[in-house]
Each structure stands twice: as C-alpha cells, then as structure tokens.
Amino acid sequence: MKIIDGKVISAQVKEEVKEKTAKLKAEKGIEVCLAVILVGEDPASQVYVRNKKKACEYVGFKSLSYELPGDTSQEELLELIDKLNKDDSVHGILVQMPVPKQIDEKTVIDAISPEKDVDGFHPMNVGALCIGEPGFVSCTPAGIIQLLKRSDIDINGKECVIVGRSNIVGKPMALLMLRENATVTVAHSRTKDLAEVCRRADILIAAVGKAKMITEDYVKDGAVVIDVGINRNAETNKLCGDVDYDNVAPKCSAITPVPGGVGPMTIAMLMNNCLESALRKAGE
Ligand code: GUN
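The structure displayed is predicted, hence computed values, not measured ones.

**Q** Where do I start with the packing of helix H6 (residues 139-150) against helix H10 (residues 263-281) in this structure?
**A** Helix-helix packing: each pair is described by the crossing angle between the helix axes and the interaxial distance. It is at 8 Å that the axes of H6 and H10 come closest, and there the two elements cross at 100°. Judged on the interaxial angle alone, H10 and H6 are roughly perpendicular. Residue-level contacts link Cys139, Thr140, Ala142, Gly143, Gln146 and Leu147 of H6 to Met265, Thr266, Met269, Leu270 and Asn273 of H10. Residues of the contact of H6 with H10, tallied by class, amount to six nonpolar, five polar and no charged.

**Q** Please explain the pairing of strand S2 (residues 33-39) as it appears in this structure.
**A** The side chains of a regular strand alternate, residue by residue, between the two faces of the sheet. Counting buried positions over the seven residues of S2 gives seven, a clear majority of the element. Alternating residues of S2 divide into Cys33, Ala35, Ile37 and Val39 and Leu34, Val36 and Leu38, and every residue in both groups is buried. Summarising the sheet, S2 and strand S3 (residues 62-68) pair through seven bridges and their orientation is parallel. Of the residues in S3, the one forming a bridge with Val39 is Leu68. Viewed along the sheet, the connection from S2 through helix H2 (residues 43-59) into S3 turns out right-handed. Pairing geometry for S2 and strand S4 (residues 92-95), over four bridges, is parallel. Residue pairing for S4: Ala35 is matched across the bridge by Ile93.

**Q** Can you help me understand the layout of surface pockets in this one?
**A** In this approach a probe as big as a water molecule rolls over the atoms, and the regions it shows empty are the leftover space. Here the second largest pocket defines a volume of roughly 500 Å³. If you list the elements that add at least two residues to the lining of the second largest pocket, you get helix H1 (6-28), helix H5 (123-130), H6, helix H7 (170-179) and H10. Here the lining of the second largest pocket takes six residues from H10, the largest share from any one element. Across the lining of the second largest pocket, the residue classes break down as 12 nonpolar, six polar and nine charged.

**Q** Sorry, what's going on with H6 here?
**A** Working note: α-helix, 3.6 residues per turn, so residues spaced by three or four point in the same direction. An ideal rise of 1.5 Å per residue puts 16 Å on 12 residues; H6 measures up with 16 Å between its terminal C-alpha atoms. Here H6 lies mainly inside the structure; nine of its 12 residues are buried. Within the span of H6, buried status applies to Cys139, Thr140, Pro141, Ala142, Gly143, Ile144, Ile145, Leu147 and Leu148. Buried residues in H6 make contact with H1, H7, strand S7 (203-206), strand S8 (224-227) and H10. One or two positions beyond H6, positive phi appears at Asp152, with a value near 55°.

**Q** Which parts of the structure should I look at to understand the site of the ligand?
**A** Surveying the vicinity of the ligand reveals the residues Lys52, Leu94, Val95, Gln96, Met97, Asp119 and Phe121. Contact between the ligand and Val95: a nitrogen atom at 2.8 Å from a main-chain N or O atom of the residue. A distance of 2.9 Å separates a nitrogen atom of the ligand from a polar atom in the backbone of Met97. Compared with its free state, where it exposes 280 Å², the ligand has 78% of that area covered by protein. Looking at the shell around the ligand residue by residue, the class counts come to four nonpolar, one polar and two charged.

**Q** Would you explain H7 in this entry?
**A** Of the residues making up H7, those classed as buried are Gly170, Pro172, Met173, Ala174, Leu176 and Met177. Those residues of H7 that are buried are in contact with H5, H6, strand S5 (159-163), strand S6 (183-187) and S7. Just beyond H7, the residue with positive phi is Asn181, at close to 70°.

**Q** Which parts of the structure should I look at to understand empty space enclosed by the protein?
**A** By the definition in use, this model includes one cavity of 30 Å³ or more. Its boundaries defined by the atoms lining it, the largest cavity holds a volume of some 60 Å³. Forming the walls of the largest cavity are Ile93, Val95, Met97, Ile109, Ile112, Asp117, Asp119, Phe121 and His122. For the lining of the largest cavity, a count of residues per class yields six nonpolar, one polar and two charged.

Reading the values: the criteria
Residues numbered from 1 in each chain as written. Predicted model: local features only at pLDDT ≥ 70, side-chain atom pairs only at ≥ 80, totals over all residues. Heavy atoms only, no water. Axes fitted to C-alpha atoms, helices over the stretch in contact; angles between N-to-C directions. Helix = DSSP H or I, 4+ residues; strand = E, 2+ residues; numbered from the N terminus. Parallel < 35°, antiparallel > 145°, perpendicular 65-115°, else oblique. Contact = heavy atoms within 4.5 Å. Nonpolar A, V, L, I, M, F, W, Y, C, P; charged D, E, K, R; others polar. Buried < 20%, exposed > 50% of the residue type's maximum accessible area, 1.4 Å probe, protein only. Pairing = 2+ DSSP bridges. Right-handed = clockwise from strand over helix to strand, strands pointing away. 1 Å grid on protein atoms, 1.4 Å probe; cavity = no way out; pocket = protein on both sides within 12 Å on 5 of 7 lines; lining within 4 Å. Points joined across faces, edges and corners; volume = space filled by probe spheres on them. Expected span 1.5 Å × (residues − 1). Near = heavy atom within 4 Å. Polar contact = N/O pair within 3.5 Å; in protein donor to acceptor, adjacent residues only side chain to side chain. Areas by Shrake-Rupley, 256 points an atom, 1.4 Å probe, with all protein chains shown as cover.

So this is what it looks like as structure tokens:
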C-alpha cells in the first residue's frame, strides 16, 4: 500500500510555478498578481486566506489583499470586483467563500471576469471544462488529477466512482476523470446501495463531508482511494477525512491521508492557475 503524499507533490507543483514565475519576470518584466478578497471574519476563511497569501509570497507572486467588514454590501463588493477586472496588472481574482448572507454567491461568481477566475467557478469556465476547451479548472479536482498522475496511477479505462456532486469538487472531478478516459459514476446521498456502487471502483474519490463515512465495506481490494474530506472532530479538534483510514488503508493499493493528502494540492493548483492566467495574457 502506497500513501500518496500531498505535501511532497504540492511542493513539486509550487516549485515549478516558482521557476516559471521568475522566468516570466526576467524575460518579459511581468509580475504575476493575485487579488484575494475576504468578506467578514470567519476564522476558517481567515486561515485559508492567510495560507493563500503565504503561497503567493513563496512562488514570487504579488498578492493584493482586501479584508472587508462583515456588513459590506453586495454592491460594494461588485464595485471592487469590477475595478480588479479592469486592472491589467491583476491576473487572478478570488473571493473566499462562503460570503455573508446579504451577498449572493452566484452573483459574485458571475461578476468575476472568466479570464481572471482562477478558482474555476465561473459558468464559462465550468462550460469550457465540460466541452473540453481551455479554461480554469476548480483547484481541488485539478489537484487530484496531479496527485494521481504524479503517483503513476493509470486512469485510462478505469472505473472511477466519485461520492459527492458539489459544483466545486464532485461535478468538475467527474468531467476531469472523463477527460482522462475513466468510466465515471457520480454517487451521492440518494444513491441506492452506495457501498456496492463504491466497491466497483478502481479509483474511489470521497467528497461528502461526513467523517469516516467510507468504511472498508465500500472499498474493493487494491483500489486507489482519494479522500477529499476535511472534517474537524469537535472533541479532539483533530482533522479527519471522509474515509475511515485505519480500516480502509490495508485494502488499498494507494490512499491519500488527511491531513497531508488532497488539502495541500488546492493552493498549489491555485498558484498554477494564476500563473497560467498571466502566461495566457502574455500570449504564451
Ligand atoms: N471556500 C472553500 N473552498 C474555497 C475555494 O476553493 N475557493 C474559494 N474562493 N473559497 C473557498
């Protein structure tokens, strides 16, 4: 059984981004720039935003940070997005989700220019992924493809079962696995005989948000198991995935741990998307 190390693979991705960023600056004088917007003071979001800014610094991006009060109106946020859309020095715009209740998430996503939507949430980018055109891909599913490829796991022709159908993980994950020629099943909370469906999988991807839901009964011998879950145990304050790791791992050919599996890949792919945006703008 192989443990897929997301810390090592995300470091490789960030190293590659760092090199290309330096090259773009040296050859064309272009400084890659990501604008990060946080509305309100959700502690988890503050941690994510801080980590995104730290990653920018590490790879050599400029980061613009907008920390707006929790009572910011939708109009004020849209004005800021409009200003950043028009600013030629900004290559990526990210609004940390969730946003406070007076702001409509969909309106915000739609307002970000698709060329700067490094989260890959805009309908134009989701549509592009669906029909195989270039665009930005949601960072977590894009990171999972990198984990599989860089661990030499063959996807072509494999049975892939994805548990979860969210817009930011399950659905784009299904489209990416299809693009890699897997046979894809998307299962969810209403799926009948979920364990049986999951046992078909050569590659099982769990993105449900329920701690340890995927037990050994859900896993075929020799399967590859990817755990997208980040669940915090209220008593111990420890992170735990959607997969019952201790019981599932012995059955797998490869598995991602939590923490240290999928998690670190998300920010690495965000950096990769932002560099990609700058390269496209530079005509490369
Ligand atoms: N909130 C939780 N995950 C994400 C993400 O990937 N991007 C943004 N913008 N907000 C999030």
